Amino acid sequence: MNRSSAYHGHLVSLIPLSPYKFKQPGGEGPSDWVHVVPNPDTYRGKYQADVLGLERATDLYVDEVRKAFDDAEKKGRKVGIFYAESLQSCAGQIIHPPGYLRRAFEIARQRGALCVADEVQTGYGRTGTHMWAFEMQGARPDIVTIGKSMGNGHPVSALITTREIADCLAPIEYFNTCGGNPVSCAVALAVLDVCQKENFQQNAAVVGNFMLKELQVLKQKYSCIGDVRGMGLFIGIEMVYPGKKPATDLAAQLQAALRYKRILISVDGYDGNVVKIKPPMCFSMENAKTLLQHMNVELAKIEGHTLQAKL
């Protein structure tokens, strides 16, 4: 079971678990063994906080998880895994409403499913408040997957689980040609050392909070910014037209304009209208101020051109 717009990787085994991929043109669509629940998007999703209130919207998203288990069981199926990115990045920097992931995991565990937290894009202190994003929600996964930042560019990843689950492999001889090689292990240990010595988690909190505060100022200034959300150095800016209509073209314009300033950002979300800010963990306050300065200039141009087009 997964959320719509979830993404877990390009492997043949993972694309069927990633609606972000199998829903795209050329994708094969959902498999009958994959059960999808709505993204817990409280801004522009199925249940919106400004319409229902945050608490009610959260309850309804949790109910969707419960209903999905009910539907699967009515069809004679048992769900083996509830697979969740601790924060959804490719879906558009979705920040789960408080308690959502903990409650979803509790439902899954009650129904006999294992709970997997995908920390590939959110781990290693990126949220500022915790080393792992699932901790913010008070969630308790059975399995945690990590990678990317684990090697700071070097290809290394890991799966962390309980002894009880790991022992399930005991009857089968498992080996991996490159698994546990000393070079990758040395790289992964060095990354942890640097993260600790240079206080990257604290830096993510301080710089990220500064950016979120200043982006809220830009949101009040420019009507094309519908929502600013994030934790630490995991930030999303949702570009919209009136009525929360996705401004996919404006997000692309901002991305292109910043590229000419030698600033690389990406655009994502199920409508391609969310500007993603996920810089390196060493991103400084000076870097943040430079980014915000250029964003202010380019947003003014974009909004000005949009107004002229209407006249």
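Scoring rules and cut-offs
Residues numbered from 1 in each chain as written. Predicted model: local features only at pLDDT ≥ 70, side-chain atom pairs only at ≥ 80, totals over all residues. Heavy atoms only, no water. Helix = DSSP H or I, 4+ residues; strand = E, 2+ residues; numbered from the N terminus. Rg over C-alpha atoms; globule rule 2.2 N^0.38 Å. Buried < 20%, exposed > 50% of the residue type's maximum accessible area, 1.4 Å probe, protein only. Contact = heavy atoms within 4.5 Å. Areas by Shrake-Rupley, 256 points an atom, 1.4 Å probe, with all protein chains shown as cover. Lys, Arg positive; Asp, Glu negative; His and termini not counted. Charge placed at Lys NZ, Arg CZ, Asp CG, Glu CD. Polar contact = N/O pair within 3.5 Å; in protein donor to acceptor, adjacent residues only side chain to side chain. Pairing = 2+ DSSP bridges. Axes fitted to C-alpha atoms, helices over the stretch in contact; angles between N-to-C directions. Expected span 1.5 Å × (residues − 1). Arc of directions from axis to C-beta. Core = buried A, V, L, I, M, F, W, Y, C linked by side-chain atoms within 4.5 Å. Phe/Tyr/Trp six-rings, centres within 6.5 Å; stacked < 30°, edge-to-face > 60°. Lys NZ or Arg CZ within 6 Å of the ring centre and 35° of its normal.

## Details of the overall build of the protein chain
So, step 1. When you go through the protein chain residue by residue, the secondary structure sums to nine helices and 11 strands.
So, step 2. Taken against the 2.2 N^0.38 rule, which gives 19 Å for 311 residues, the C-alpha radius of gyration of the protein chain at 20 Å falls within 12% of a compact globule.
So, step 3. Projected onto its principal axes, the C-alpha positions of the protein chain cover 70 × 50 × 35 Å.
So, step 4. For the protein chain, buried positions account for 49% of its 311 residues.
So, step 5. Pairs at least 24 apart in sequence give 66% of the contacts found in the protein chain among residues at least 6 apart.
So, step 6. Of the roughly 16000 Å² of accessible surface on the protein chain, a fraction of 56% belongs to carbon and sulfur atoms.
So, step 7. Computing the positive centroid from 35 side-chain charges and the negative centroid from 31, the protein chain places the two 4 Å apart.

## Side note on the side chain of Lys-244
So, step 1. Position of Lys-244 among the secondary structure elements: in the loop between β8 (234-241) and β9 (245-246).
So, step 2. From its side chain, Lys-244 meets the backbone oxygen of Tyr-43 in a polar contact 2.7 Å long.
So, step 3. For Lys-244, the residues in contact, after removing those within four places along its chain, are Tyr-43, Arg-44, Gln-48 and Asp-50.

## Observations concerning the sheet that holds strand β4 (residues 114-118)
So, step 1. The strand order across the open sheet formed by four strands is β3-β4-β5-β6, and the pairing between neighbours is mixed. In this open sheet, the two strands that pair with only one neighbour each are β3 (81-85) and β6 (158-161). Strand-to-strand twist of the sheet, defined as the mean angle between neighbouring strand axes without regard to direction, takes the value 20°.
So, step 2. Across four bridges, the pairing between strand β5 (residues 143-146) and β6 is antiparallel. By the bridge assignment for β6, Ile-146 is matched with Ala-158.

## Digging into the side chain of Gln-88
So, step 1. Mapped onto the fold, Gln-88 is located in the loop between β3 and α4 (100-110).
So, step 2. In contact with Gln-88, other than residues within four places in its own chain, are Arg-3, Ser-4, Ser-5, Ala-6, Asn-39, Pro-40, Gln-93, Ile-94, His-96 and Phe-234.

## Some details on helix α6 (residues 182-197)
So, step 1. The first and last C-alpha atoms of α6 sit 22 Å apart over 16 residues, in line with the 22 Å expected at 1.5 Å per residue.
So, step 2. Buried within α6 we find Ser-184, Ala-188, Val-191 and Cys-195. The buried residues of α6 all sit within an arc of 55° when viewed along its axis, so they share a single face. Facing away from the buried side of α6 by over 90 degrees, the exposed positions are Pro-182, Val-183, Leu-189, Gln-196 and Lys-197.
So, step 3. Residues of α6 that are buried make contact with α7 (200-221).
So, step 4. Between a side-chain oxygen at the N-terminus of α6 and the backbone nitrogen of Val-183 the separation is 3.2 Å; the capping residue is Asn-181.

## Concerning the nonpolar core
So, step 1. Membership of the largest hydrophobic core comes to 66 residues, with the highest contact counts inside it found for Phe-82 and Met-239.
So, step 2. Here this core takes eight residues from helix α3 (residues 54-74), the largest share from any one element.
So, step 3. In contact with Phe-82, not counting residues within four places along its chain, are Met-1, Arg-3, Val-65, Phe-69, Tyr-100, Ala-104, Phe-105, Ala-108, Ala-113, Leu-114, Cys-115 and Val-116.
So, step 4. Counting residues in hydrophobic clusters, the runner-up holds six residues, among them Leu-17, Val-34, Val-116 and Ile-143.

## Points about the pairing of β4
So, step 1. In terms of burial, β4 is largely enclosed, as four of its five residues are buried.
So, step 2. In terms of strand pairing, β3 meets β4 through five bridges, oriented parallel. Bridged to Ile-81 within β4 is Leu-114.
So, step 3. Here three bridges tie β4 to β5, and the two strands are oriented parallel to one another. Looking at β5, one finds that Val-116 is bridged to Ile-143.

## Overview of the packing of aromatic side chains
So, step 1. Under the counting rule described, the total for this entry stands at four aromatic pairs.
So, step 2. Centre to centre, the rings of Tyr-47 and Tyr-61 are 5.0 Å apart; their planes meet at 75°, and the pair counts as edge-to-face. Of this pair, Tyr-47 sits in the loop between β2 (36-37) and α2 (49-52) while Tyr-61 sits in helix α3; the two residues are 14 residues apart in sequence, bridging distant segments of the chain. An identical accessibility class is assigned to Tyr-47 and Tyr-61; each is buried.
So, step 3. Sitting over the ring of Tyr-43, Lys-244 keeps its end group 4.5 Å from the ring centre.

Limitation: the analysis is restricted to geometry and does not speak to function.
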